[in-house]
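# Structural overview
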Amino acid sequence: MPGHKDWFAKAQSDLKMAHKGLRDDDDTLDCVAYHTHQCAEKVLKGFLIFKGNPLERTHDLEYLLKICCESDADFLALKDDVKKLNPFAIHSRYPDDYFDIDRGEAEDAIETAKRVFDFIQMKMKNSI
């Protein structure tokens, strides 16, 4: 079973991939959005594993955040960020989903995912 460090490494890879996708043409912006969601999902799951919670199979960031808040109420600070990223799990995944994102929104999604990643990383450092 992967540990919290493995989840953080995968989250960081998703964040790197989002940055790389942004350097490409605008045809990849939906993939950028998807990877920002994936970054947030994996870092939230990494925190839950760190806290000893069982891992549930879900892509719902708001649900994962709710569980994190049960361990630490400070996670409420991420409510707006996960709400912003949550739709990217589905809307950017399949060709029959209508999804349109511009470069500014993609850049904002990357900043949002990085904020979630940095917040949780700091929380874990302070817990050790």
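Read on for an overview of the structure.

Rules used throughout
Residues numbered from 1 in each chain as written. Predicted model: local features only at pLDDT ≥ 70, side-chain atom pairs only at ≥ 80, totals over all residues. Heavy atoms only, no water. Salt bridge = Lys/Arg side-chain N within 4 Å of Asp/Glu carboxyl O. Helix = DSSP H or I, 4+ residues; strand = E, 2+ residues; numbered from the N terminus. Buried < 20%, exposed > 50% of the residue type's maximum accessible area, 1.4 Å probe, protein only. Patch = residues over 30% accessible without salt bridge, like charges linked within 9 Å, V, L, I, M, F, W, Y side chains within 5 Å. Areas by Shrake-Rupley, 256 points an atom, 1.4 Å probe, with all protein chains shown as cover. Lys, Arg positive; Asp, Glu negative; His and termini not counted. Charge placed at Lys NZ, Arg CZ, Asp CG, Glu CD. Arc of directions from axis to C-beta. Contact = heavy atoms within 4.5 Å. Polar contact = N/O pair within 3.5 Å; in protein donor to acceptor, adjacent residues only side chain to side chain. Axes fitted to C-alpha atoms, helices over the stretch in contact; angles between N-to-C directions. Parallel < 35°, antiparallel > 145°, perpendicular 65-115°, else oblique. Left-handed = near helix turned anticlockwise from the far one by under 90°.

### Section: the pattern of salt bridges
Going through the model one piece at a time under the given rule, you end up with eight salt bridges. Residue Arg115 is joined to Asp81 by a salt bridge in which the shortest nitrogen-to-oxygen separation is 2.9 Å. Here Arg115 is found in helix 6 (residues 103-127), whereas its partner Asp81 is found in helix 4 (residues 79-85), with 34 residues between them in sequence. Using a relative accessible area of 38% as the deciding quantity, one classes Arg115 as partly exposed. Owing to a relative accessible area of 9%, Asp81 belongs among the buried residues under this scheme. The salt bridge involving Lys114 is made with Asp118; its shortest N-O contact spans 2.8 Å. Within this pair, Lys114 and its partner Asp118 are both found in helix 6, separated by four residues, close to a single helical turn. What emerges from the salt-bridge pattern is a single network uniting Asp72, Asp74 and Lys123.

### Quick notes on a negative patch on the surface
On the surface, Asp100, Asp102, Glu105, Glu107 and Glu111 cluster together into a patch of negative charge. Following the sequence through the fold, Asp102 ends up in the loop between helix 5 (88-91) and helix 6.

### Notes on helix 3 (residues 61-71)
In an α-helix, one turn spans 3.6 residues, which is why side chains three or four residues apart end up on the same side. Residues of helix 3 that are buried include every one of Leu61, Leu64, Leu65, Ile67 and Cys68, and no others. One side of helix 3 holds all its buried residues, which, seen down the axis, span an arc of 160°. Across from the buried face of helix 3, at angles greater than 90 degrees, the exposed residues are Lys66 and Glu70. The secondary structure elements touched by the buried residues of helix 3 are helix 2 (29-50) and helix 4. The backbone nitrogen of Glu62 has a side-chain oxygen 3.0 Å away, supplied by the residue at the start of helix 3, namely Asp60.

### Quick notes on the packing of helix 2 against helix 3
For the pair helix 2 and helix 3, the least separation of the axes is 10 Å and the interaxial angle reads 30°. As the angle between them shows, helix 2 and helix 3 are arranged roughly parallel. Between helix 2 and helix 3 the crossing geometry is left-handed. For the pair helix 2 and helix 3, contact is made by His37, Ala40, Glu41, Leu44, Lys45, Phe47 and Leu48 and by Leu61, Leu64, Leu65, Ile67, Cys68 and Ser71, respectively.

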